[in-house]
Amino acid sequence: MAIDKIQSESINLADTFAFTGTVTGAGGNMKPAFFAYKTGDQTIAQNTLVLVAFETEVFDTDNTFTNTSGNYKFTPGVSGKYVINASLYFATPAAGNYHRIYVYKNGSIYSELSQINNGYEEGLNFSTIVESDTDDYFQIYTKHNKGSSIDVQGHSTWGTIVSSFGAYKIIT
């Protein structure tokens with residue numbers, strides 16, 4: 001079936017169309033994007049805001065994630081809207097205490113998730129959408145009030161990825 005002109009009243013979405021030319025305007029570029037995870041455990045002191053160290057990159061499409069020199073930050077370098085995901089797994093929690101994940105933008109809190117613990121080991125998963133200019137950067141921090149130090153666990157403890165940080169650009 002050749003298509004000379006498509007009118008919104010006449011298109012049947014159940015039909016199959018064979019295109020022989022170039023289709024433009026479809027899809028989009030969801031870059032930059034990256035995904036990193038914690039390799040080892042990281043001890044977090046009580047009521048202390050700590051930058052989470054994500055040591056290992058799985059992928060980084062545009063070299064936008066820095067995991068050296070204690071930075072552990074995502075700097076998109078491209079203006080747009082981004083989905084940021086963070087997952088942290090806490091060991092030996094205490095019932096009634098909180099754990100928090102913070103997304104920092106340019107050194108200040110942008111968004112956070114807080115959860116009261118039920119007394120079992122616990123994971124927090126958090127996603128947010130941010131708007132970024134070319135020079136913005138994002139990091140993940142955490143804090144808790146257990147009464148003593150607690151570990152954010154990494155890959156080496158479980159053999160699987162349990163604490164991670166990732167982001168990708170939204171097509172708008």
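Refer to the structure presented above.
Residues numbered from 1 in each chain as written. Predicted model: local features only at pLDDT ≥ 70, side-chain atom pairs only at ≥ 80, totals over all residues. Heavy atoms only, no water.

Another point: the nonpolar core. The biggest cluster of nonpolar side chains holds 30 residues, and the ones touching the most others in it are Phe54, Ile84, Ile140 and Phe165. At the level of elements, β1 (33-37), β3 (50-51), β7 (80-90), β8 (98-105), β10 (122-132), β11 (138-144), β12 (150-152) and β13 (164-169) are the ones that each hand at least two residues to this core. For this core, the element with the highest residue contribution is β7, accounting for five residues. (Core = buried A, V, L, I, M, F, W, Y, C linked by side-chain atoms within 4.5 Å. Buried < 20%, exposed > 50% of the residue type's maximum accessible area, 1.4 Å probe, protein only. Helix = DSSP H or I, 4+ residues; strand = E, 2+ residues; numbered from the N terminus.)

Counted by the stated rule, this structure contains nine aromatic pairs. Summarising the aromatic geometry, the rings of phenylalanine 65 and phenylalanine 165 are spaced 5.8 Å apart at their centres and angled 85° between planes, so their arrangement reads as edge-to-face. A residue pair is termed long-range when its members are at least 10 positions apart, and phenylalanine 65 in strand β5 (residues 65-66) and phenylalanine 165 in strand β13 qualify at 100 residues. With a relative accessible area of 3%, phenylalanine 65 lands in the buried category. Linked through ring pairs, Phe34, Phe54, Phe65, Phe74, Tyr82, Phe138 and Phe165 together constitute an aromatic cluster. Over the aromatic face of tyrosine 137 sits the side chain of lysine 73, whose NZ or CZ is 4.4 Å from the ring centroid. Sitting over the face of the ring of tyrosine 98, arginine 100 holds its NZ or CZ atom 4.0 Å from the ring centroid. (Phe/Tyr/Trp six-rings, centres within 6.5 Å; stacked < 30°, edge-to-face > 60°. Lys NZ or Arg CZ within 6 Å of the ring centre and 35° of its normal.)

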